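Coordinates in review
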Amino acid sequence: DAEFAEAFGLAAERGVGIEITTAYLSPRPNGINFAPETPLRFLAIAKRCGCKFTFGSDAHDPERQKMLPYLAALADAIGLTESDLIPLLRR
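Since we're looking at a predicted model, the values are computed, not measured.

Once that is clear, we can look at unusual backbone geometry. In this structure, Pro27 follows Ser26 across a cis peptide bond, with omega equal to -5°. Within the secondary structure, Pro27 sits in the loop between strand E1 (18-21) and helix H2 (37-48).

A few words on the nonpolar core. Note on soluble globular proteins: their nonpolar side chains tend to be buried together. Counting residues in each nonpolar core, the largest one holds 18 residues, and the members touching the most others are Phe8, Ile18, Ile20, Leu43, Cys51 and Phe53. Within the residue set of this core, elements represented by two or more residues are helix H1 (2-13), E1, H2 and helix H4 (71-77). Looking at which element gives the most residues to this core, the answer is H2, with 4 residues. In contact with Cys51, not counting residues within four places along its chain, are Phe8, Ala11, Ala12, Ile18, Ala46 and Asp84.

For the rest of this paragraph, the subject is the pairing of strand E2 (residues 53-56). In the sheet, E1 pairs with E2 via 4 bridges, with the strands oriented parallel. The residue bridging Thr21 from the neighbouring strand is Gly56, located in E2. At this point the chain moves from E1, through H2, to the parallel E2, and the crossover so formed is right-handed.

Moving on to the environment of Leu68. With respect to the helices and strands, Leu68 occurs in the loop between helix H3 (62-65) and H4. Here Leu68 falls in the partly exposed class, since its relative accessible area comes to 35%. Sequence separation between Leu68 and Thr21 is 47 residues, and the spatial gap between their C-alpha atoms is 7.8 Å. For Leu68, the residues in contact, after removing those within four places along its chain, are Thr22, Gly56 and Ser57.

Here we take up the pattern of salt bridges. Applying the stated rule across the entire model yields 2 salt bridges. Notably, a salt bridge pairs Asp1 with Arg41, separated by 2.6 Å at the nearest N-O pair. One end of the pair, Asp1, is in the segment before H1; the other, Arg41, is in helix H2, and 40 residues separate them in sequence. A relative accessible area of 48% means that Asp1 is categorised as partly exposed. Where Lys47 meets Asp84, a salt bridge forms, and the shortest distance between an N and an O atom there is 3.5 Å. With Lys47 in helix H2 and Asp84 in the segment after H4, the pair connects residues that are 37 residues apart, well separated along the chain. Judged by its relative accessible area of 11%, Asp84 falls in the buried class.

Here is what the cut-offs are and how they apply
- Residues numbered from 1 in each chain as written.
- Predicted model: local features only at pLDDT ≥ 70, side-chain atom pairs only at ≥ 80, totals over all residues.
- Heavy atoms only, no water.
- Helix = DSSP H or I, 4+ residues; strand = E, 2+ residues; numbered from the N terminus.
- Core = buried A, V, L, I, M, F, W, Y, C linked by side-chain atoms within 4.5 Å.
- Buried < 20%, exposed > 50% of the residue type's maximum accessible area, 1.4 Å probe, protein only.
- Contact = heavy atoms within 4.5 Å.
- Pairing = 2+ DSSP bridges.
- Right-handed = clockwise from strand over helix to strand, strands pointing away.
- Salt bridge = Lys/Arg side-chain N within 4 Å of Asp/Glu carboxyl O.

In short, the description is geometric, and any link to function would need to be established separately.
Pasting the structure below:
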């Protein structure tokens, strides 16, 4: 956890966003699945360190993209609020 905190602390200082991705959800196409606690653990550390977040699919097919709504459970579990998200820039 200390190594994650160090890395996420640097990310927060430098304004690097952390992606909450469908790659954290099972089943994964490559067959290597995370226990649900794994992404929650390091995403919670990132939040405590002041990181901002974005959402993505890392998907190359429509079936995986359909999993995007399930990312809300991860966001809720770590207590994300609108202020934790990377603001969108509009021109």
